[in-house]
Amino acid sequence: MSSKETVTISSEAKKKADRFLQQKLNKEKPKFILVHRGFTAKPPDCSDGRVQSYLNLRELQQLIIASFLPGPRLDFKPEWFILQRCLKATKIAVFLLDCDEIPHDQLSPIFTEKVMFTPSEEWIHFLLTHSLSKGLLQRVDQNRVDKLKQRAKEIPGKVETPKNLASKMDLLLSAEQMLEEGFLFPAPLTDIKKTIRKRYDPVTDDSPMFAVDCEMCLGNNDQHELTRVSIVDEDCKTILDTYVKPDVPIKDYVTRYSGITKEILDPITTSLKDVQKMLRKLIPRNAILCGQSLCNDLKALKVFHPYVIDTSVIFNHSGSRKAKTGLKRLTAHHLGENIQDSSDGHCSVEDSTATMKLVLLKLEKGLDFGDRVLFNGNNFFSKGPNPIISIKDFLSLNEVSIDIFYDSSESHYQNSNRFISVLSSFKKSLLSTLFQIVCVPKKICILLTKDGFCYINV
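None of the values given here were measured: they were computed from a predicted structure.

Engineer: Tell me about the pattern of salt bridges, residues and numbers included.
Structural biologist: Applying the stated rule across the entire model yields 12 salt bridges. With a shortest N-O distance of 3.1 Å, Glu 59 and Arg 37 are connected by a salt bridge. Placement of Glu 59 in helix H3 (residues 57-68) and of Arg 37 in helix H2 (residues 36-39) is noted, with a sequence separation of 22 residues between them. Across the pair, exposure class does not vary: Glu 59 and Arg 37 are buried alike. A salt bridge links Glu 181 to Lys 324; the shortest N-O distance between them is 2.7 Å. With Glu 181 in the loop between helix H8 (175-180) and strand E6 (209-219) and Lys 324 in the loop between helix H13 (311-314) and helix H14 (327-335), the pair connects residues that are 143 residues apart, well separated along the chain. The exposure class assigned to Lys 324 is partly exposed, which follows from its relative accessible area of 27%.

Listed below in structure tokens is the structure:
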């Protein structure tokens, strides 16, 4: 055998050994594969001529869960991707970018895959919560029962746990909370020049409650103008329901949401000032106003009221005050009722009634009921067949621990190997953070944007 042949054989053997080593190394890393359904969700500039069909939020949530839970432990089979060996990942990072200005041209080079999904107003909430299946609920309950039995043997006596009931005063927003939630106080430089009543009496647990909901249309001044207001009392009886003619012409009736049309509004003569006078007569000096994101309704009415209860604050399914749960979802989950389903748009009487029912339910069930922030382990679930829990708790029940950050600093990302981060704005430092993460050999990095882009690098 010549020396040339020996060199050739040695070279081929080395290539074969290198391939074998590479295959072995690859099996120690997670692997992401896009399959047919996923290819149909590629952006127009990346599609290969297939009929496009963007992903829905449920499919996006499957990707997030599959990043932390291995395939055999999933209760679903993804149709748009295959994610193998997620447990091999030393870093799993999911970013939810909830802002309008996003530099896609700078993000694209960082990731290896890009697909599109159809976002919604509540996309953050949807992705951060998960319904608990009956099977898992039964399994978890049994495990807890077994542990409670074991601990009960070590306790000499029984300890009664007091019920954490709520009062009206407990549910009132403080002045600080009102500022955080965006309520406008009367001031010379704002549109809020007056309070509903010129003088107020002290608020107590005996104070009457009224639920308010307004519908708005877009005016020529590009401001949302009041076009309907409805108020119900604690018996869910309507005490006020009137259309309102704005002082400025309507640019967009937003009928899909407001339920208002030109035909409805044209003959109306009731003005905003007329409504403010009605409120002064209807609302007692010690009354409590209730609403879902009530600050928006009071802004539309251009008035201030000091005693308020906000269902977007006292109910929370996500575990963070920044991630709100919509009225439609709250009503369906806690009351078992469907609202905002009409093709004619929303109904403010329906919405204000649902709000009042939720407040009354909260008073009946207690402070921590329906509130993941205050949840003490006993009273979060409603009577619905499929309780909703945060995705962190869902993964925890599956023995996987993750962190959830809201507008956190880079140090949190460095100290956590499994996390979901919600960002309300884009900062340039995020790019360097992403570069650092994708340089990790065994990583899963996902970034979802408010405008419907899903970036993946595994």
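Engineer: Break down helix H11 (residues 272-282) for me, with residues and values.
Structural biologist: Of the residues making up H11, those classed as buried are Leu 272, Val 275, Gln 276 and Leu 279. The arc that holds the buried residues of H11, viewed along the axis, is 100°, so those residues lie on one side. Turned more than 90 degrees away from the buried face of H11, the exposed residues are Lys 273, Lys 277 and Lys 281.

Engineer: Outline the nonpolar core, listing residues and values.
Structural biologist: The biggest cluster of nonpolar side chains holds 44 residues, and the ones touching the most others in it are Phe 68, Trp 80, Leu 96, Leu 127, Ile 420, Leu 448 and Cys 454. Per-element tally for this core: the top contributor is H3, with seven residues. Excluding residues within four positions of it along the chain, Trp 80 makes contact with Phe 32, Ile 33, Leu 34, Val 35, Arg 37, Gly 38, Leu 55, Glu 59, Leu 63, Val 115 and Ile 456. Membership of the second largest hydrophobic core comes to 28 residues, among which are Met 178, Phe 183, Val 212 and Leu 272.

Engineer: Go over the sheet that holds strand E14 (residues 418-423), please, and point to the residues and values.
Structural biologist: With mixed pairing, the six strands of this open sheet are ordered in space as E4-E16-E15-E3-E14-E13. Lying at the two open borders of the sheet, with one neighbouring strand each, are strand E4 (113-116) and strand E13 (403-406). Here the strands of the sheet are splayed against their neighbours by 15° on average, with no regard to which way each runs. Judged from the six bridges that link them, strand E3 (residues 91-97) and E14 form a sheet pairing that is parallel. Directly across from Leu 97, in E14, lies its bridge partner Leu 423. Of the strands in this sheet, E3, E14, strand E15 (443-449) and strand E16 (453-457) touch H3, which is tilted by about 160° from E15.

Engineer: Describe the pairing of strand E10 (residues 288-291), and please don't skip the residues or the numbers.
Structural biologist: Going residue by residue along E10, you find Ile 288 and Cys 290 tucked away on one face and Leu 289 and Gly 291 tucked away on the opposite face as well. Sheet analysis places E6 next to E10, joined by three bridges and oriented parallel. Within E10, the position partnered with Phe 210 by the bridge is Leu 289. Examined bridge by bridge, E10 and strand E11 (residues 308-310) share three bridges and lie parallel to one another. Bridging across to E11, Gly 291 finds its partner in Asp 310. Read from E10 through helix H12 (residues 294-301) to E11, the crossover connection turns out right-handed.

Engineer: Please give an account of the environment of His 36 that cites residues and values.
Structural biologist: Inspection of the secondary structure assignment puts His 36 in helix H2. Along the sequence, His 36 and Trp 80 sit 44 residues apart, while their C-alpha atoms lie 6.2 Å from each other.

Engineer: Could you give me a rundown of the pairing of E6, with the residues and numbers involved?
Structural biologist: Among the 11 residues in E6, 10 count as buried, and that is most of the element. Note: E6 against strand E7 (residues 224-232), eight bridges, orientation antiparallel. Looking across to E7, one finds that Glu 215 is bridged to Arg 228. Counting the residues between successive antiparallel strands, the hairpin from E6 to E7 contains four residues, one of them, Asp 222, with a positive phi of roughly 65°. Two strands pair when backbone bridges link them, and E6 and strand E9 (residues 250-252) are joined in this way by two bridges, in the antiparallel orientation. Residue pairing for E9: Leu 218 is matched across the bridge by Asp 252.

Engineer: Hey, could you go over H14 for me, with residue numbers and the actual values?
Structural biologist: Among the residues of H14, Leu 327, Leu 330, Thr 331, His 333, His 334 and Leu 335 are the ones counted as buried. Note on H14: the residue one or two positions beyond its end, Gly 336, has a positive phi of about 70°.

Engineer: Provide a residue-level description of the packing of aromatic side chains, including the pertinent values.
Structural biologist: Here the structure, examined in full by the defined rule, presents 14 aromatic pairs. Here the aromatic rings of Phe 32 and Trp 80 are separated by 6.4 Å at their centres, their planes lie at 70°, and the arrangement is edge-to-face. Pair noted here: Phe 32 is in strand E1 (residues 31-34) and Trp 80 is in the loop between H3 and strand E2 (81-84), with a separation of 48 residues, a long-range link. A single burial state applies to Phe 32 and to Trp 80, both of which are buried. With centroids separated by 6.1 Å and ring planes inclined at 15°, the aromatic side chains of Phe 453 and Tyr 455 adopt a geometry described as stacked. Following the ring pairs from residue to residue traces out a cluster consisting of Phe 95, Phe 405, Tyr 413 and Phe 419. The lysine or arginine in question, Lys 362, covers the ring of Phe 315, its NZ or CZ lying 5.2 Å from the ring centre.

Engineer: For the packing of H14 against helix H15 (residues 348-365), give the residues involved together with the corresponding values.
Structural biologist: Between two packed helices, both the angle of their axes relative to each other and the distance between the axes serve to describe the pair. Relative to each other, H14 and H15 sit at 50°, their axes nearing to 10 Å. In terms of orientation, H14 and H15 fall into the oblique class. Judged by the twist between their axes, the crossing of H14 over H15 is left-handed. Where H14 abuts H15, its residues Leu 327, Leu 330, Thr 331, His 334 and Leu 335 lie against Asp 351, Ala 354, Thr 355, Lys 357, Leu 358 and Leu 361. Of the residues that constitute the contact of H14 with H15, the class distribution is six nonpolar, three polar and two charged.

Rules and cut-offs
- The numbers attached to residues start from 1 for each chain and follow its sequence in the written order.
- Predicted model: local features are reported for residues with pLDDT of at least 70 only, side-chain atom pairs are reported and counted for 80 or more only, and whole-chain, interface and lining totals are derived from all residues.
- Calculation of side-chain values draws on the structure's entire complement of heavy atoms; hydrogens and water are dropped beforehand.
- Any carboxyl oxygen of Asp or Glu that lies within 4 Å of a side-chain nitrogen of Lys or Arg is treated as forming a salt bridge with it.
- Secondary structure elements are taken from DSSP: a helix is a run of H or I of four residues or more, a strand is a run of E of two residues or more, and numbering for both begins at the N terminus.
- Residue burial is assigned from relative accessible area. The probe radius is 1.4 Å, only protein chains are included, and a residue is buried under 20% of its type maximum, exposed over 50%, and partly exposed in between.
- Note: the arc covers the axis-to-C-beta directions of the helix.
- Note on terminology: a nonpolar core comprises buried Ala, Val, Leu, Ile, Met, Phe, Trp, Tyr and Cys residues joined through side-chain atoms within 4.5 Å.
- The criterion used for residue contact is that any of the two residues' heavy atoms lie within 4.5 Å.
- We treat two strands as partners when DSSP finds at least two bridges between them.
- Only the stretch in contact is used when a helix axis is fitted, and all axes are lines through C-alpha atoms; the angle between N-to-C directions ranges over 0 to 180 degrees.
- Crossovers are marked right-handed if the path from the first strand over the helix to the second runs clockwise, as seen with the strands pointing away from the viewer.
- Side-chain rings of Phe, Tyr and Trp, where Trp is taken by its six-membered ring, are said to pair if the distance between their centres is within 6.5 Å; with planes under 30 degrees apart they count as stacked, over 60 as edge-to-face, and otherwise as tilted.
- A ring is scored as having a charge over it whenever the NZ atom of a lysine or the CZ atom of an arginine sits within 6 Å of its centre and within 35 degrees of its normal.
- If an angle is under 35 degrees, it is roughly parallel; if it is over 145, roughly antiparallel; if it lies from 65 to 115, roughly perpendicular; otherwise it is oblique.
- Note on convention: the crossing is left-handed when the near helix lies turned anticlockwise from the far helix by less than a right angle, right-handed when the turn is clockwise.
- Any residue that is not Ala, Val, Leu, Ile, Met, Phe, Trp, Tyr, Cys, Pro, Asp, Glu, Lys or Arg is counted as polar, Gly included; the first ten are nonpolar and the last four charged.

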